[in-house]
Amino acid sequence: MSEKDDIEDEIYIRSIQFNTLLIQHYYESYVHKNSCMTSSQTGHGCGNMTARERFQHSGETVSRYFGKALDMLCSYGEKMIKPLDPEFESVAPEIMRDKRYMPHFKDCIGAIDGVHIPASISPQHQIPFIGRKGIPTQNVMAVCDFNMQFTFVCAGWEGSAHDTRVFQSVLRNPNSKFPKPPQGKYYVVDAGYPQMNGFLGPYKGPKQHFQEYRGQGPRNEKEVFNQAHSSLRGVIERTFGAWKKKWHILRNMEGFSFKKQVKIVIATMTLHNYIRRHANHDRHFDIDENSVGISNDEMEMDDAEEENHGHVAQEMEAIRKEIAQSLMRARGTANF
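Remember, predicted model here, so these are calculated numbers, not experimental data.

Student: Which parts of the structure should I look at to understand the overall build of the protein chain?
Tutor: When helices and strands are tallied, the protein chain shows 11 helices and five strands. Within the protein chain, buried positions represent 49% of all 336 residues. When contacts within the protein chain are restricted to residue pairs at least 6 apart in sequence, long-range pairs at least 24 apart make up 70% of them. By element, 50% of the accessible surface of the protein chain is carried by carbon and sulfur atoms, the whole surface being about 17,200 Å².

Structure representation (structure tokens):
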């Protein structure tokens, strides 16, 4: 990043400082920590009343400024939620210094997955938002790099929408600004995504999550690949975990319109990236990769969706096989 970009960032950050502090102060002091609400009730209602008393403004005024802050943060998200290296010319430092992944995954540029965020929807409109979790959610597709920063987000899909549908809609939308992988580069994805050029999934059949190999290690080339692939892909789950730990408002957004709930997702991801880039240390990012579990979406796939994954791109199949063989050679050398 150039000095000019740094200066522009600083000017922009200062211009939204008041609004950002309003969000943080309003949320942390009058919503999350309000004594008249239990931890499971963190939301808007009671906190708004306390904020009105504290700031001596009407609830409409507090809500209006909160909305302005969200809009500004979402706008700033266009600068913050994108790859630092948009051409993907260099190997990710986190891969470069980890012998588990280097040189095998040197062309990997990030991980993709979906996450379901509880949604507050009126009863008459809830049905499309209720998916496998049995509660209304919005399905959020996100991409992250290996420094646990979001590089793309598509929020606002109904909870019943399958990850594949969201993913394909993003790829087909020329205005989505999705950072497509250059030739020879790829994202790691789970088995729920189409196996196509630029998107590397696991082998089907063998265990697909690294935690499944505890007690009994991988026995063949495909299992060796799946174990390493899953371990590398775990960065997206850790990124989601850090994001949700910091922003408890994501657990319950009752009282906000759905449009505002979508903006809260994007605004908090923007702040997540800003903190990750500029904070010397933040405890919420200290997540042990071994603590990341297997998501329900990873374990369950509709039969109809499974059919969409039948044709594997030959280029990705060749890359997968090359990586698997490279991993096997490294294991052989280590065991020698």
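Student: Please explain the nonpolar core as it appears in this structure.
Tutor: Counting residues in each nonpolar core, the largest one holds 53 residues, and the members touching the most others are Phe 105, Tyr 186, Trp 243 and Met 269. Looking at this core, the elements with two or more residues in it are helix H4 (59–80), strand S1 (108–118), strand S2 (137–144), strand S3 (150–158), strand S4 (186–188), helix H7 (221–246), helix H8 (258–278) and helix H11 (314–335). Of all the elements, H7 adds the most residues to this core, at nine residues. Apart from residues lying up to four places away in sequence, Trp 243 is in contact with Val 115, Ile 117, Phe 150, Leu 250, Val 265, Thr 268, Met 269 and His 272.

Student: Teacher, can you tell me more about the layout of surface pockets here?
Tutor: With a probe scaled to a water molecule rolled over the atoms, the places where space remains empty come into view. Its boundaries defined by the atoms lining it, the second largest pocket holds a volume of some 490 Å³. Surrounding the second largest pocket, 21 residues form its lining, Glu 78, Phe 152, Val 153, Ser 176 and Lys 177 being those nearest its centre. Secondary structure elements with two or more residues in the lining of the second largest pocket: H4, S3, helix H6 (163–172) and H8. Class assignment of the residues belonging to the lining of the second largest pocket gives a composition of 12 nonpolar, six polar and three charged.

Student: Is there a simple way to explain the pairing of S3 in this structure?
Tutor: The side chains of a regular strand alternate, first on one face of the sheet and then on the other. In terms of burial, S3 is a largely internal element, seven of the nine residues being buried. As paired elements, S2 and S3 share six bridges and run antiparallel to each other. Paired with Met 141 across the two strands is Cys 154, which belongs to S3.

Student: Help me understand the sheet that holds S1, please; the structure alone is not making it clear to me.
Tutor: Pairing is mixed across the open sheet formed by five strands, whose spatial order is S3-S2-S1-S4-S5. The outermost strands of the open sheet, each flanked by one partner alone, are S3 and strand S5 (199–200). As paired elements, S1 and S4 share three bridges and run parallel to each other. In the strand pairing of S4, Ala 111 is matched with Val 188.

Student: Which parts of the structure should I look at to understand the side chain of Asp 190?
Tutor: As for its placement among the helices and strands, Asp 190 is situated in the loop between S4 and S5. Of note is the side chain of Asp 190, whose polar atom sits 2.7 Å from the backbone nitrogen of Gly 192.

Student: Even after reading the chapter, I still don't get unusual backbone geometry, so can you show me in this structure?
Tutor: The phi angle of most residues is negative, glycine excepted, and most peptide bonds adopt the trans form. The omega torsion of the bond from Met 102 to Pro 103 falls at 10°, within 30 degrees of zero and hence cis. Of note, the phi angle at Phe 88 is positive, near 55°, even though the residue is not glycine. Secondary-structure assignment places Phe 88 in the loop between H4 and helix H5 (93–96). Residue Lys 177 is not a glycine yet carries a positive backbone phi of 60°.

Student: Help me understand the pattern of salt bridges, please; the structure alone is not making it clear to me.
Tutor: Any two side chains of opposite charge can pair, on the condition that their charged atoms come close. Going through the model one piece at a time under the given rule, you end up with eight salt bridges. Between Asp 107 and Lys 185 there is a salt bridge, and its shortest N-O distance comes to 3.5 Å. On the criterion of sequence distance, the pair formed by Asp 107 in the loop between H5 and S1 and Lys 185 in the loop between H6 and S4 is long-range, its members being 78 residues apart. Asp 282 is paired through a salt bridge with Lys 246; the nearest N and O atoms lie 3.0 Å apart.

Student: Even after reading the chapter, I still don't get H6, so can you show me in this structure?
Tutor: For an α-helix, the turn length of 3.6 residues means that residues three or four places apart are oriented alike. Along H6, the residues classified as buried are Asp 163, Thr 164, Val 166, Phe 167, Val 170 and Leu 171. Buried positions in H6, seen along its axis, are confined to an arc of 165° and lie on one side of it.

Student: Got a minute to help me understand the confidence of the model for the protein chain in this structure?
Tutor: Detail in the predicted coordinates should be disregarded across regions flagged by low pLDDT. Mean pLDDT for the protein chain: 80, with 70% of residues reaching 70 or above. Here residues 25–47 is a poorly scored stretch, pLDDT under 50, and it has 46 contacts once near neighbours within four places are set aside; other chains count. Segment residues 296–311 is flagged for pLDDT under 50; beyond a separation of four residues in sequence, or across chains, it makes 28 contacts in the model.

Here is what the cut-offs are and how they apply
Residues numbered from 1 in each chain as written. Predicted model: local features only at pLDDT ≥ 70, side-chain atom pairs only at ≥ 80, totals over all residues. Heavy atoms only, no water. Helix = DSSP H or I, 4+ residues; strand = E, 2+ residues; numbered from the N terminus. Buried < 20%, exposed > 50% of the residue type's maximum accessible area, 1.4 Å probe, protein only. Contact = heavy atoms within 4.5 Å. Areas by Shrake-Rupley, 256 points an atom, 1.4 Å probe, with all protein chains shown as cover. Core = buried A, V, L, I, M, F, W, Y, C linked by side-chain atoms within 4.5 Å. 1 Å grid on protein atoms, 1.4 Å probe; cavity = no way out; pocket = protein on both sides within 12 Å on 5 of 7 lines; lining within 4 Å. Points joined across faces, edges and corners; volume = space filled by probe spheres on them. Nonpolar A, V, L, I, M, F, W, Y, C, P; charged D, E, K, R; others polar. Pairing = 2+ DSSP bridges. Polar contact = N/O pair within 3.5 Å; in protein donor to acceptor, adjacent residues only side chain to side chain. Salt bridge = Lys/Arg side-chain N within 4 Å of Asp/Glu carboxyl O. Arc of directions from axis to C-beta. pLDDT = per-residue confidence, 0-100.

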